[in-house]
Amino acid sequence: MLSPDQARDRALDLVERARRAGAETADAVYGASSSEGIQVRLGKLEDVERSESEHIALRVFVGKRSASIGSSDLSPAALDELAARAIDMARAAPEDAYAGLAPDELLTRGPWPDLDLIDAHEPSPEALREAALEAEDAARAVSGITNSDGGTASFGHGVFALATSHGFSGAYGSTSHSLSASVVGGDGSDKQRDNAWRSTHHHADLPSPAEIGRLAGERTVAKLGSGKLKSGAMPVIFDPRVSSSLVGHLLGAITGSAITRRSSFLLEKLGEQIFAPGILIADDPHTPRGLRSRPFDGEGLATSARNIVEDGRLTGWLLDSASARQLNLAPTGHAARNGGGAPGVSTGNVHLAAGTLSPKELMADVKDGVYVTELIGQGVNGVTGDYSRGAAGFRIVDGELAGPVAEFTVAGNLLRMFAQLTAANDLEWHRAINVPTLRVDGMTVAGD
């Protein structure tokens, strides 16, 4: 795999070819990755995967017309043809008044922070197999486990580079380690499945395979004997496995594309109190070893920490340059590139700050409620904020978990849910969006 410097040179070379072919401005994105994964099932090797990929994408501008094209053929002749085709496509495209590269004066020139995204430790295939076996063995050792979907362990390496015709070039690499186990418990008509997994940049940050396996087994067995839940309005408590999805809906509603299209339930809520006072939701793309840490965004702008929600108030939108121009605002350093095409929007490492109550204290006064550990389906309307998703979890009776339940729906409206939200103190820092246990009062539960 190319080094970051070599990857950056590849992107710069393609931009220069585009300029020679007639582009007024251009940018190029280069990405490469390699990965190896081992899957075992019932103590035997099930699958070995090894993949390598390399891709380069070009975006060109001719006046206010633009086009994007990509290729995995990086030979000089193919790149010249790629540039020529992109120019022809751009000349035939409709004009877009907001298209263009990021403003010159906002480009970041470095030096960029060391985010510690590369681990020198590269596990051997034998080590990956042993880790997968250990995870599955630990899961199957939990009483009540009757079958297995397997254990997996993988390692990967990637590099990303961006170059523009107006002076930006940069690249960075990262590594990834992951472990997972998925098992089945029970028999007959009472079978349940669950899993546990973790992904990190550094092997040292992974839990042990035994811990991953044991957690998968315990989660599965806890679901055995799931009953039905009666319908009604009641408090809903979201486990950290699923509570991050609520913040995810917030982030989706404040992206530039949602605001410019006027398709967001938060359209008129900028600066308003949408959460209870004291609620903080922060974005930090410079967290060392963070899953979404990055030194610059997909347009060459600096990334930086910011509070998305402060004391319960929404502080601003997440903007790439095109949506910023349309809104007559400044881009926020949240542009993201995923292969070819125009930039999208992505945050860095997001967290909702912990509250003061433990999860047990959070549910202590709940006479009749539900603790949700699994959400199913995509029943969320980003325009209205209406929320309805299938769920599974545990009943709460008199402040205590009182047995597993499944096949019910939790519903509400995200604006009201945000306003009613209370956070517990059990924030953990191993996800891209880190959120503690959350309580939302007055949701509608449709059960048996």
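We now turn to the structure provided with this report.

At the junction of Gly110 and Pro111, the peptide bond is cis and its omega measures out at -5° in the coordinates. With respect to the helices, strands and loops of the structure, Pro111 is situated in the loop between α2 (76-92) and α3 (125-140). One non-glycine residue, Arg289, lies in positive phi territory at about 70°. Note that Arg289 resides in the loop between β8 (281-284) and β9 (306-310). One non-glycine residue with positive phi stands out, namely Asn328, at about 60°. Mapped onto the fold, Asn328 is located in the loop between α7 (321-327) and β11 (335-336).

With that out of the way, let us pick up the packing of helix α1 (residues 4-21) against α2. At their nearest, the axes of α1 and α2 sit 9 Å apart, and the two run at 50° to each other. On the basis of their axis angle, the class for α1 and α2 is oblique. α1 and α2 meet at a crossing whose hand is right-handed. Between α1, through Asp13, Leu14, Arg17, Ala18, Arg20 and Ala21, and α2, the contact on the second element is made entirely by Pro76, Leu79, Asp80, Leu82, Ala83, Ala84 and Ile87. Residues that form the contact of α1 with α2 fall into these classes: nine nonpolar, no polar and four charged.

Now for the pairing of strand β5 (residues 169-187). Each regular strand carries side chains that alternate between the two faces of the sheet. Note: strand β4 (residues 145-164) against β5, 17 bridges, orientation antiparallel. Residue pairing in the sheet places Leu162 in a bridge with Gly170 of β5. Between β4 and the antiparallel strand that follows it, β5, lie four residues; Gly167 among them carries a positive phi value of about 115°. Relative to strand β6 (residues 190-200), β5 is paired through eleven bridges, and the arrangement is antiparallel. Looking at β6, one finds that Asp187 is bridged to Asp190. Taken together, β5 and the strand that follows it, β6, pair antiparallel across an intervening segment of two residues, in which Gly188 is found at a positive phi of about 60°.

This part takes up the environment of Gly278. Take Gly278: it is sitting in the loop between α6 (256-260) and β8. Residues Gly278 and Leu162, 116 residues apart in the sequence, show an inter-C-alpha distance of 38 Å. Every residue in contact with Gly278, bar those within four places of it in the chain, is listed here: Asp311 and Gly312.

It is worth spelling out the sheet that holds strand β2 (residues 44-62) at this point. Sheet architecture is open: six strands sit in the order β3-β2-β1-β4-β5-β6, paired in antiparallel fashion. The sheet terminates laterally at β3 (65-71) and β6, the two strands that pair on one side only. Averaged over all adjacent pairs, the angle separating strand axes in this sheet is 20°, with direction ignored. Bridging between strand β1 (residues 25-41) and β2 involves 17 bridges; their strand directions are antiparallel. By the bridge assignment, Ala28 is partnered in β2 with Leu58. Those strands touched by α3 are β1, β2, β4 and β5, and its axis lies near 140° from that of β4.

We now examine the side chain of Asp194. The residue Asp194 is located in strand β6 in this model. Relative accessible area serves as the criterion here: at 6%, Asp194 is assigned to the buried category. In contact with Asp194, not counting residues within four places along its chain, are Ala181, Ser182, Val183, Ala216, Arg219, Thr220, Lys223 and Arg241.

Criteria and thresholds
The residue count restarts for each chain, going from 1 along the sequence in the order it is written. Totals for whole chains, interfaces and linings use every residue, but because this is a predicted model, local features are given only for residues with pLDDT of at least 70 and side-chain atom pairs only at 80 or more, for both listing and counting. Computation of side-chain values: all heavy atoms of the structure, hydrogens and water removed. Starting at the N terminus, helices and strands are each numbered in turn, a helix being any DSSP run of H or I of at least four residues and a strand any DSSP run of E of at least two. In this analysis an axis means a line fitted to C-alpha atoms, helices contributing only their contacting stretch, and an angle means the value between N-to-C directions, from 0 to 180 degrees. Note that the term roughly parallel is reserved for angles under 35 degrees, roughly antiparallel for angles over 145, roughly perpendicular for angles of 65 to 115, and oblique for everything else. Two helices that cross are described as forming a left-handed crossing if the nearer one is turned anticlockwise from the farther one by less than a right angle, and a right-handed crossing if clockwise. Pairs of residues are marked as contacts when any of their non-hydrogen atoms sit within 4.5 Å. Any residue outside Ala, Val, Leu, Ile, Met, Phe, Trp, Tyr, Cys, Pro, Asp, Glu, Lys and Arg is labelled polar, Gly included; the first ten of those are nonpolar and the last four are charged. Think of it this way: DSSP has to see at least two bridges between two strands before they count as a pair. To sort residues, take the accessible area from a 1.4 Å probe on protein chains only and compare it with the maximum for the residue type: under 20% means buried, over 50% means exposed, and anything in between is partly exposed.

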